[in-house]
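Per-entry structural report
Each chain, letter by letter, is given below.
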Amino acid sequence: VESPEDAELVLYNTCSVRDNAEAKIRGRLGDMKNLKERRRKAGSNLTVGIMGCMAQREKNGLIEKFPQVDLVVGTDQFVHMPQLLDQVAQRGRLVATDFGDFEDQLWSAKRADGVNAYVTIMRGCNYNCTYCVVPFTRGKEKSRPAQQIIDEVKQLVDQGHVQVTLLGQTVDAYGKTLGDGARAVRRPRRRPHQQRRDPAVDQRAARNQPDEQDRRQQQWLNFDPADRRQVGRQISALHATRRRRAS
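Residues numbered from 1 in each chain as written. Predicted model: local features only at pLDDT ≥ 70, side-chain atom pairs only at ≥ 80, totals over all residues. Heavy atoms only, no water.

Notes on the overall build of the chain
Secondary structure summary: the chain contains 8 helices and 9 strands in total. The proportion of buried residues among the 247 residues of the chain is 34%. Taking all contacts inside the chain whose residues are at least 6 apart in sequence as the whole, residues at least 24 apart take part in 63%. As presented, the chain carries roughly 16,100 Å² of accessible surface, and 49% of it is formed by carbon and sulfur atoms. (Helix = DSSP H or I, 4+ residues; strand = E, 2+ residues; numbered from the N terminus. Buried < 20%, exposed > 50% of the residue type's maximum accessible area, 1.4 Å probe, protein only. Contact = heavy atoms within 4.5 Å. Areas by Shrake-Rupley, 256 points an atom, 1.4 Å probe, with all protein chains shown as cover.)

As structure tokens, this is what we get:
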């Protein structure tokens, strides 16, 4: 359908990186409240669901704040959407935000025709940066088995895609949760005659998280020695202030 007025199911896939994104969803949920009331009076049903990071972060709070919401689905539970919708139809409102078995799922989603295709190889992050919500909305790092990724890429090549981009919150951390040492991105360099990749396929990795330790060490080494001493004094003063506040 082309508009919510004609739909029986409305799902909002949400983001929590910026407050403005969540504010827009709250505004649309206000519209859904009015629409559900009109549909109820007309004798027709409308199911409203919230998916994604906002759902993962607020969990039951969304159900409590917005009575027009029937379903709250976290970032690891969307793969069970058909079953969750059946449960809503049978038992009513539902919250599903447990971090689950992402890395064990075999994907069969179809891509639109084109040159490029995207393949998720891992999710989550273990860095716990102060400013970032990802560890709370995407959970700990979870990697997919290498063979699943290879099979999916082969299917995409058979469908005509010639460029595959590997996705993840920290793709350079791929393999840490597999227990077999598998790495999809950080692999030893090979000489040109040793390359074993398919020359018809351009393989890329979207890296949005540098190695934190290497980056900070390099920044530190670039500092002037006098600046290092000044930074060291500032850090010591900060720790002293925190100890005083804690006591």
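The discussion continues.
Quick notes on the pattern of salt bridges
Tallied over the full model, the rule gives 10 salt bridges. The shortest N-O distance in the salt bridge between Arg26 and Glu58 comes to 2.7 Å. Of the two residues, Arg26 sits in helix H1 (residues 19-42) while Glu58 sits in helix H2 (residues 53-58), which places them 32 residues apart along the sequence. On the basis of relative accessibility, which here comes to 12%, the residue Glu58 falls in the buried class. For Arg40, the salt bridge is made with Glu37, and the minimal N-O distance between the two is 2.6 Å. With Arg40 and Glu37 both in helix H1 and 3 residues apart, the pair spans about one turn of that helix. We classify Arg40 as exposed; its relative accessible area is 53%. (Salt bridge = Lys/Arg side-chain N within 4 Å of Asp/Glu carboxyl O.)

Focus: the environment of Val171
Mapped onto the secondary structure, Val171 falls in the loop between strand E8 (163-167) and strand E9 (202-205). Taking the C-alpha atoms as reference, Val171 lies 9.6 Å from Glu141; in sequence the two are 30 residues apart.

Digging into a negative patch on the surface
Taken together, Glu2, Glu5, Asp6 and Asp31 make up a surface patch of like negative charges. Tracing the sequence through the fold places Asp31 in helix H1. (Patch = residues over 30% accessible without salt bridge, like charges linked within 9 Å, V, L, I, M, F, W, Y side chains within 5 Å. Lys, Arg positive; Asp, Glu negative; His and termini not counted. Charge placed at Lys NZ, Arg CZ, Asp CG, Glu CD.)

Comments concerning H1
With 24 residues, H1 ought to run about 34 Å at 1.5 Å a step, and its terminal C-alpha atoms sit 35 Å apart, in line with that. Among the residues making up H1, those that are buried are Glu22, Ile25, Leu29, Met32, Leu35, Lys36 and Arg39. Contact partners of the buried residues in H1: strand E1 (9-14), strand E2 (47-52) and H2. Among the residues trailing H1, Gly43 stands out with phi positive, at a value near 85°. (Expected span 1.5 Å × (residues − 1).)

Thoughts on the environment of His80
Among the secondary structure elements, His80 is positioned in the loop between strand E3 (71-73) and helix H4 (81-91). The sequence separation of His80 and Ala96 amounts to 16 residues, and the corresponding C-alpha distance is 9.5 Å.

Quick look at the sheet that holds E3
Pairing is parallel across the open sheet formed by 4 strands, whose spatial order is E1-E2-E3-E4. Every other strand in the sheet has two partners, leaving E1 and strand E4 (94-96) as the edge strands with one partner each. Direction aside, neighbouring strands of the sheet carry axes that sit 10° apart on average. Pairing of E1 with E2 involves 6 bridges; the strand directions are parallel. Of the residues in E2, the one forming a bridge with Thr14 is Gly52. Along the sheet face, H1 touches E1 and E2 and points at about 170° away from the line of E1. (Pairing = 2+ DSSP bridges. Axes fitted to C-alpha atoms, helices over the stretch in contact; angles between N-to-C directions.)

A word on the nonpolar core
Counting residues in each nonpolar core, the largest one holds 17 residues, and the members touching the most others are Tyr12, Leu29, Met32, Ile50, Leu62 and Val69. For this core, the element with the most residues is H1, which contributes 4 residues. Non-local contacts of Met32, meaning those with residues more than four positions away in its chain, are made with Pro4, Val10, Tyr12, Leu46, Val48 and Gln68. By size, the runner-up hydrophobic cluster in this structure holds 11 residues, among which are Ala117, Ile149, Val153 and Tyr174. (Core = buried A, V, L, I, M, F, W, Y, C linked by side-chain atoms within 4.5 Å.)

Some remarks on the side chain of Glu22
With respect to the element layout, Glu22 can be found in helix H1. Apart from the residues within four sequence positions on either side, Glu22 is in contact with Cys15, Ser16, Met54, Arg57 and Glu58.

Topic: the pairing of E8
Side-chain positions along a regular strand alternate between the two faces of the sheet. In terms of burial, E8 is largely enclosed, as 4 of its 5 residues are buried. Pairing of strand E5 (residues 116-120) with E8 involves 5 bridges; the strand directions are parallel. Bridge assignment links Asn116 to a residue of E8, and that residue is Gln163.

What about helix H6 (residues 146-158)?
With 13 residues, H6 should reach 18 Å at 1.5 Å per residue; the first-to-last C-alpha distance of 19 Å fits that figure. Residues Gln148, Ile149, Glu152, Val153 and Leu156 constitute the buried set of H6. Seen from one end, H6 has its buried residues packed into an arc of 130°, which puts them on one side. Exposed residues lying more than 90 degrees from the buried face of H6 are Lys154 and Asp158. (Arc of directions from axis to C-beta.)

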